[in-house]
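Understanding the architecture of this molecule
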Amino acid sequence: MPYQCPLCHQSLTQQANTWRCENNHQFDLAKEGYVNLMPAHHKSSKNPGDNKEMMQARRLFLNTDHYQPLRDHVVNTLSKNMMQGTTNLLDIGCGEGYYTSAFSKLNKQYPELNVHGLDISKIAVRYAAKRYPECHFCVASSHRLPFADDSLDAVVRIYAPCRPEELQRAIKENGLLVTVTPAARHLYQLKELIYSDVRLHNIAPENIDGFTLIEDEQLHYEMCLQGEEATALMQMTPFAWKTSQAVWDQLGQESQFSCEADFSIRVYRKNSQ
């Protein structure tokens, strides 16, 4: 496992239920099987990331599999682009593991593959580790990846932020980076309920230092949601804070709510030195 100490950046080795570096910094393995590599002084709040209510809303919505086309598309993208001999794949911002768990199916094609999930929310990671023991989960900041230099063969970043220099440091030469961002009309109908002037998402690809864009695809489809599902989806979005009680009530009473899903899926390859 290519973990490195978040305090001194030395390699971590596992001894029983503890991860320890040569400077004797240690991090205990939780009973659910994850490790917390988020030092207190790196936190911006006591419990950063999704809270319990947000995680439950996301879990409710994702369990309906309205986002299964996206999950399948990302799995297929990894399958055709990862190098033979791939050993370490990281899902940044993994949440409760909906996508991470699907990546473990790639073990049939890549038998040495270890799938890692990272999120800043301890609540989400605890649930993920308990539900998906075939994956390795840690609590950590996406801006300070607790992985050694040149240790990751592939990274998936679905909506999650990460410093380009961290990606360049941790991903191996010729390694893969897959990003998912909202395309122009993503959740347009939800936004219509909040904003009088709905602006389309900017779909210009991100330029990432040290990486070359090799694929740029869009996945667009229509979702038919029941009231509870539409409400959960709204709770997952950044504009939930601007949603009025009247809109919440309207969504909850919908028997069928039609809403577009629109994603930009991009594949980058790390440049050779």
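The structure reproduced in this document is the subject of the present report. (Residues numbered from 1 in each chain as written. Predicted model: local features only at pLDDT ≥ 70, side-chain atom pairs only at ≥ 80, totals over all residues. Heavy atoms only, no water.)

**Quick word on the state of the cysteines**
Disulfide: a covalent bond formed between the sulfur atoms of two cysteine residues. According to the stated counting rule, one finds 0 disulfides in the structure shown. With no disulfide partner, cysteine 162 has as its closest neighbouring cysteine sulfur the one in cysteine 138, 12 Å distant. (Disulfide = S-S within 2.5 Å.)

**What about empty space enclosed by the protein?**
Summed over the entire model, instances satisfying the criterion amount to 2 cavities of 30 Å³ or more. For the second largest cavity, the full set of lining residues is Arg59, Leu62, Asn63, Glu96, Tyr98, Arg131 and Tyr132. Among the residues making up the lining of the second largest cavity, the classes are represented as 3 nonpolar, 1 polar and 3 charged. (1 Å grid on protein atoms, 1.4 Å probe; cavity = no way out; pocket = protein on both sides within 12 Å on 5 of 7 lines; lining within 4 Å. Points joined across faces, edges and corners; volume = space filled by probe spheres on them. Nonpolar A, V, L, I, M, F, W, Y, C, P; charged D, E, K, R; others polar.)

**Considerations on the sheet that holds strand S2 (residues 18-20)**
Pairing is antiparallel across the open sheet formed by 3 strands, whose spatial order is S1-S2-S3. Lying at the two open borders of the sheet, with one neighbouring strand each, are strand S1 (13-15) and strand S3 (26-28). Direction aside, neighbouring strands of the sheet carry axes that sit 30 degrees apart on average. Of the strand pairs in this sheet, S2 and S3 are connected by 3 bridges, and their pairing is antiparallel. Across the sheet, residue tryptophan 19 finds its bridge partner in S3, namely phenylalanine 27. (Pairing = 2+ DSSP bridges. Helix = DSSP H or I, 4+ residues; strand = E, 2+ residues; numbered from the N terminus. Axes fitted to C-alpha atoms, helices over the stretch in contact; angles between N-to-C directions.)

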